[in-house]
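One letter stands for each residue in the lines below.
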Amino acid sequence: MIRSMTAFARQDTQDDWGTLTCEIRTVNHRYLEPSFRLPEALRELENSFRETLRQQLKRGKVDVAMRLQAREGADARFEISDEMARAVNDAANHINRLLDNPAHINALDVLRWPGVLSVAEQDYGPAREAANELFRRTLEELVIVREREGERLRPLFEDRLEAMAGGVEEVRTLMPELLAAQEQALRERFEKARVELDSDRIAQEMVMLAQKSDVAEELDRLQTHIHEVRDTLQSNEAIGRRLDFLMQELNREANTLSSKSIDARVTKVAVDLKVLIEQMREQVQNLE
């Protein structure tokens, strides 16, 4: 299964405590690099989220964002200390008895006094349980999107691999003809120079020429690497790094083929191979 490293997934859930939204974005990266933006009430879940990510993803820069919107009125629960309120009232009455022009305090004055009014701490336990399940669902959706985006690239790889295999076979077919033409050209040069045609000398020259222009090994390696890329595309593991290595090896062999070329047709095939390899390499950079 081919997986892209570029994907986006979003899920949300709601209950009596409010609404929770989870978004995960991923882009290509050499390693797995997650970052989290979580509400303070859910901060303790970050470590478990990281572990879950490592089990599902191998590479990519991953941005996880969660937003918690409390249900309207959920936070409007206050606690009043009757004991503190009475103490404030008793103190105010005591002071008033000492003053010539006492001013009575009202309920808001009492509520403003530290310790009289406090906001009840909300229980985020249910929200944390929901966050775990929501993150799991969002991550599952993300994996599906990455696989879907990756599979869309399969025809691109298959078409270019087929074109490369055709180029390799074309050069392999051309080589006997090219070597024969080189031998004829060598004989003609000897004749033009009026040099006696020594069969041993011609044989030595042809051996040297054949060694210099022998590309059979490069063609074999190109063919082997093409088969390896095809096999790798069928793997269920993360294949990005292996494909990146194979693209380097393919490019190396294509460069050698070009440097050994003794005919414009071989040079053209070598250039076409490098173009096809570069097109695949650009896509490989985005695969997990």
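Here, every reference points to the structure presented above.
Residues numbered from 1 in each chain as written. Predicted model: local features only at pLDDT ≥ 70, side-chain atom pairs only at ≥ 80, totals over all residues. Heavy atoms only, no water.

## Overview of the packing of aromatic side chains
In total, this model carries 2 aromatic pairs according to the counting rule given. Residues Phe49 and Phe135 carry aromatic rings whose centres are separated by 4.2 Å and whose planes lie at 15° to one another, so their mutual orientation is stacked. Pair noted here: Phe49 is in helix α1 (residues 46-56) and Phe135 is in helix α4 (residues 125-151), with a separation of 86 residues, a long-range link. Assigned by exposure class, Phe49 and Phe135 land together as buried. One aromatic cluster in this structure is built from Phe36, Phe49 and Phe135. (Phe/Tyr/Trp six-rings, centres within 6.5 Å; stacked < 30°, edge-to-face > 60°. Helix = DSSP H or I, 4+ residues; strand = E, 2+ residues; numbered from the N terminus. Buried < 20%, exposed > 50% of the residue type's maximum accessible area, 1.4 Å probe, protein only.)

## Some details on the pairing of strand β1 (residues 7-15)
Regular strands have side chains that alternate between both faces of the sheet. Relative to strand β2 (residues 18-27), β1 is paired through 9 bridges, and the arrangement is antiparallel. Within β2, the residue paired with Asp12 across the bridge is Thr21. In this structure, the hairpin formed by β1 and β2 is closed by a connection of 2 residues. (Pairing = 2+ DSSP bridges.)

## Considerations on the packing of helix α8 (residues 240-259) against helix α9 (residues 264-284)
For any two helices packed against each other, one specifies the crossing angle of their axes together with the interaxial distance. Between α8 and α9, the shortest axis-to-axis distance is 9 Å and the interhelical angle comes to 165°. Overall, the two elements α8 and α9 adopt an arrangement that is roughly antiparallel. Classified by chirality, the crossing of α9 by α8 is left-handed. Residues Gly240, Leu243, Asp244, Met247, Leu250, Asn251, Ala254, Asn255, Leu257 and Ser258 of α8 pack against Val266, Ala270, Leu273, Lys274, Ile277, Met280, Arg281 and Val284 of α9. (Axes fitted to C-alpha atoms, helices over the stretch in contact; angles between N-to-C directions. Parallel < 35°, antiparallel > 145°, perpendicular 65-115°, else oblique. Left-handed = near helix turned anticlockwise from the far one by under 90°. Contact = heavy atoms within 4.5 Å.)

## Concerning the nonpolar core
Among the nonpolar cores identified, the biggest contains 32 residues, and Met164, Val171, Val229, Leu233, Leu243, Leu250 and Leu257 are the most heavily contacted of them. When residues of this core are traced back to their parent elements, those giving at least two are α5 (154-192), α7 (216-233), α8 and α9. Discounting chain neighbours no more than four positions away, the residues touching Leu250 are Met164, Leu222, His225, Ile226, Val229, Ile277 and Met280. Grouped together as the second largest cluster of nonpolar side chains are 25 residues, Trp17, Phe49, Leu53 and Leu139 included. (Core = buried A, V, L, I, M, F, W, Y, C linked by side-chain atoms within 4.5 Å.)

## Observations concerning the packing of α7 against α8
Taken N-terminus to C-terminus, the directions of α7 and α8 make an angle of 160°; their axes are 10 Å apart at the nearest point. Taken together, the axis directions place α7 and α8 in an arrangement best described as roughly antiparallel. Between α7 and α8 lies a crossing whose hand is left-handed. In this structure, α7 contributes Glu218, Leu219, Arg221, Leu222, His225, Ile226, Glu228, Val229, Thr232 and Leu233 to the contact, and α8 contributes Arg242, Leu243, Leu246, Met247, Glu249, Leu250, Glu253, Ala254, Thr256 and Leu257. A breakdown of the residues in the contact of α7 with α8 according to their chemical character gives 11 nonpolar, 3 polar and 6 charged. (Nonpolar A, V, L, I, M, F, W, Y, C, P; charged D, E, K, R; others polar.)

Without other data, these values stay purely geometric and don't point to any function.
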